[in-house]
Amino acid sequence: MAHRPTYRGRFAPSPTGPLHAGSLVAALASWLDARAHGGQWLVRMEDVDTPRCVPGAAEHILQQLAACGLVSDEPVWAQSTRHAAYEAALAQLQANGVAYPCACTRKDIEGAQQAQGLARPRHAELRYPGTCRQGTGNKPERAWRLLTTPFSAQKTAPPLCGKALTAPYFRESAWHWFDRLAGWQQQNVDAQVGDFVLKRADGLWAYQLAVVVDDAAQGITHVVRGADLADNTPRQILLQRALGLPHPSYLHTPLVLGANGEKLSKQNGAAPLDLTDPLTALNAAATALGLPAGTHPDPNQSLPAQVDQALTDWVPHWTAAWTGC
Ligand code: GLU
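In short, a report on the structure. Fair warning: this is a prediction, and the values are worked out from it, not measured in the lab. Residue numbers run consecutively from 1 along every chain, following the written order of its sequence. Per-residue local features of the predicted model are confined to residues with pLDDT of at least 70, and side-chain atom pairs are confined, for both listing and counting, to 80 or more; whole-chain, interface and lining totals are unaffected and use all residues. Hydrogens and waters are ignored; side-chain quantities use all the structure's heavy atoms.

What about the overall build of the chain?
Part 1: By definition, any uninterrupted DSSP run of H or I lasting at least four residues is a helix, any uninterrupted run of E lasting at least two residues is a strand, and each is numbered from the N terminus. When helices and strands are tallied, the chain shows ten helices and ten strands.
Part 2: The 325 residues of the chain split such that 47% are buried.
Part 3: We call two residues in contact whenever any of their non-hydrogen atoms come within 4.5 Å of each other. When contacts within the chain are restricted to residue pairs at least 6 apart in sequence, those whose partners lie at least 24 apart make up 76%.
Part 4: In short, Shrake-Rupley with a 1.4 Å probe defines the accessible areas, and a residue's cover is counted only from the protein chains shown. Summed over its atoms, the accessible surface of the chain is roughly 15,300 Å², and 55% of this surface lies on carbon and sulfur atoms. Buried means the residue's accessible area, taken with a 1.4 Å probe over protein chains only, is under 20% of the maximum for its type, while exposed means over 50%, and partly exposed covers the values in between.

Encoded structure:
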């Protein structure tokens, strides 16, 4: 029988504020997927972007998760303790000649784009035009970037879930990857994003590097997270390839929209989860995932027991809907 790695999933919030209804959807989905596969579920605090972190938010998030019955199977990692691992990954890329220093400011990049006549669509990545690939001249080095071209030459991600990529969807110029909900996706990282940042000009580690290093270090086999992060996946797969790391599978859950039709986020003031009423919050999250709301735990039981019952009741529904691969 072929060796199958043990399932290890994770929920990786940034402690920039409390959890809200949208983040609970991703947390619940990743937990259910782990349980449906008989696997482990880990929580990791992604606190590398220190200026955006809010004191006390990490503890608050863990309390909110616990109130919803979602408790990490292993001690919670904090990325702020992982500098040596990120430094080692950057050193490996530098030694392989695929990371280079960059002296560009945001203004420089926008200026270079305008000079090339490249208009940037709203909300699109600011594509890095490769200005410092040949060196920074006498300008001070500010950030480190990945040279994407050697890896973009490998056009396909590994086939996942036995789903072969068929002819009409395959484009020579694109990087392909498989999402368990959305199916095959494609992006030309070099053309749409360019050489992306590994270490920022302010000395902080970039999300892409930290997430890839930690997913591998924690042996994560399945990433389940919100659809707003889907665009990052090709960069992460490319970086896994650059570092010789395994590729987890990916599932991006539907976003929860607020009354104004915009995605719920800490930035646009989504209300924090009500710790006193976890069942209502969990039912809303389950509904967003297409699971039947209104499991009916025994009201004579304690609230934590009712929460655990509700979670247990959803596992077979999740298994039926989502564990095809
Ligand atoms: N820390 C990221 C966020 O909260 C999520 C990272 C991930 O799941 O890959 O946006």
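Quick word on the packing of aromatic side chains
Part 1: Between the rings of Phe, Tyr and Trp (Trp by its six-membered ring), a pair exists once the centres lie within 6.5 Å; its type follows the angle of the planes, with under 30 degrees stacked, over 60 edge-to-face, and the other angles tilted. Under the criterion given, the structure shown has three aromatic pairs.
Part 2: Seen in terms of ring centroids, Trp177 and Tyr250 are 6.4 Å apart; in terms of plane orientation they differ by 80 degrees. Their pairing is edge-to-face. Of this pair, Trp177 sits in strand S6 (residues 175-179) while Tyr250 sits in strand S10 (residues 249-253), and the two are 73 residues apart along the sequence. For the pair Trp177 and Tyr250, a shared accessibility class is recorded, and that class is buried.
Part 3: Measuring from ring centre to ring centre gives 5.4 Å for Phe178 and Trp184, while their planes differ by 70 degrees; the resulting arrangement is edge-to-face.

As for the side chain of Arg10
Part 1: Inspection of the secondary structure puts Arg10 in strand S1 (residues 8-11).
Part 2: Overall, Arg10 belongs to the buried group, its relative accessible area being 4%.
Part 3: In the analysis that follows, any N or O atom pair within 3.5 Å is treated as a polar contact, provided that within protein one partner can donate a hydrogen and the other can accept it, and provided that, for residues neighboring in sequence, both atoms belong to side chains. One polar contact links Arg10 to Asp215, side chain to side chain, over a distance of 3.0 Å.
Part 4: Apart from the residues lying within four places of it in its own chain, the contact partners of Arg10 are Ser30, Trp41, Leu42, Arg44, Val211, Asp215, Ile220, His222, Val223, Val224 and Arg225.

Details of the sheet that holds strand S4 (residues 99-102)
Part 1: In short, DSSP must find at least two bridges between two strands for them to pair. Across the sheet, which stays open at both edges, the three strands sit in the order S4-S5-S8 with antiparallel pairing between neighbours. A strand with exactly one partner marks an edge of an open sheet, and here the two such strands are S4 and strand S8 (197-199). Across the sheet, the mean angle separating the axes of adjacent strands is 40 degrees when strand polarity is ignored.
Part 2: Summarising the sheet, strand S5 (residues 143-146) and S8 pair through two bridges and their orientation is antiparallel. By the bridge assignment, Arg145 is partnered in S8 with Val197.
Part 3: Contacts from helix H3 (residues 83-95) reach S4, S5 and S8 within the one sheet, and its direction differs from that of S8 by about 125 degrees. To obtain an axis, a line is fitted to C-alpha atoms, over the contacting stretch when the element is a helix, and the angle between two such axes runs from 0 to 180 degrees between their N-to-C directions.

Thoughts on the environment of Lys139
Part 1: Secondary-structure assignment places Lys139 in the loop between helix H4 (106-115) and S5.
Part 2: Along the chain, Lys139 and Cys102 lie 37 residues apart, while their C-alpha atoms are 9.0 Å from each other.
Part 3: Discounting residues that sit within four places of it in the chain, Lys139 has contacts with Ala103 and Asp108.

Focus on the side chain of Asp190
Part 1: Following the sequence through the fold, Asp190 ends up in helix H6 (residues 189-192).
Part 2: At 3.2 Å, the side chain of Asp190 forms a polar contact with the side chain of Thr148.

Details of the site of the ligand
Part 1: Around the ligand sit Arg10, Ala12, Pro13, Ser14, Glu46, Tyr207, Val211, Arg225 and Leu229, and that is every residue in its neighbourhood.
Part 2: Between Ala12 and the ligand, the recorded distance is 2.7 Å, taken from a backbone N or O atom to a nitrogen atom.
Part 3: Separating an oxygen atom of the ligand from a side-chain N or O atom of Tyr207 is a distance of 2.8 Å.
Part 4: Protein chains shield 80% of the accessible area of the ligand, which is 300 Å² for the free molecule.
Part 5: Looking at the shell around the ligand residue by residue, the classes come out as five nonpolar, one polar and three charged. Near, as used in this document, describes a residue that has one of its heavy atoms within 4 Å of the molecule or strand being considered. All residues other than Ala, Val, Leu, Ile, Met, Phe, Trp, Tyr, Cys, Pro, Asp, Glu, Lys and Arg, Gly among them, are scored as polar; the first ten of these are nonpolar and the last four charged.

Describing the pairing of S4
Part 1: Here S4 shows a buried face lined by Ala99 and Pro101 and a second buried face lined by Tyr100 and Cys102.
Part 2: Pairing geometry for S4 and S5, over four bridges, is antiparallel. Bridging across to S5, Pro101 finds its partner in Trp144.

Details of the packing of helix H1 (residues 21-36) against helix H10 (residues 303-322)
Part 1: As a packed pair, H1 and H10 sit with axes 9 Å apart at the nearest point and diverge in direction by 75 degrees. As summarised for this structure, H1 and H10 are arranged roughly perpendicular, according to the angle between their axes. Seen from H1, the contacting residues are Leu28, Ala29, Trp31, Leu32, Asp33, Arg35 and Ala36; seen from H10, they are Leu311, Trp314, Val315, Trp318 and Thr319.
Part 2: Grouping the amino acids of the contact of H1 with H10 by side-chain chemistry returns nine nonpolar, one polar and two charged. Here the word oblique covers every angle except those under 35 degrees (roughly parallel), over 145 (roughly antiparallel) and from 65 to 115 (roughly perpendicular).

What about the pattern of salt bridges?
Part 1: One side-chain nitrogen of Lys or Arg within 4 Å of one carboxyl oxygen of Asp or Glu is enough to make a salt bridge. A complete count under the given rule lists 13 salt bridges for this structure.
Part 2: Notably, a salt bridge pairs Asp73 with Arg35, separated by 3.0 Å at the nearest N-O pair. Of this pair, Asp73 sits in the loop between helix H2 (57-67) and strand S3 (77-78) while Arg35 sits in helix H1; the two residues are 38 residues apart in sequence, bridging distant segments of the chain.
Part 3: Residue Asp73 is classed as partly exposed on the basis of its relative accessible area, which comes to 36%.
Part 4: On the accessibility criterion, Arg35 (27% relative accessible area) is partly exposed.
Part 5: In this structure, a network of salt bridges that share partners links the residues Arg10, Arg44, Glu46 and Asp215.

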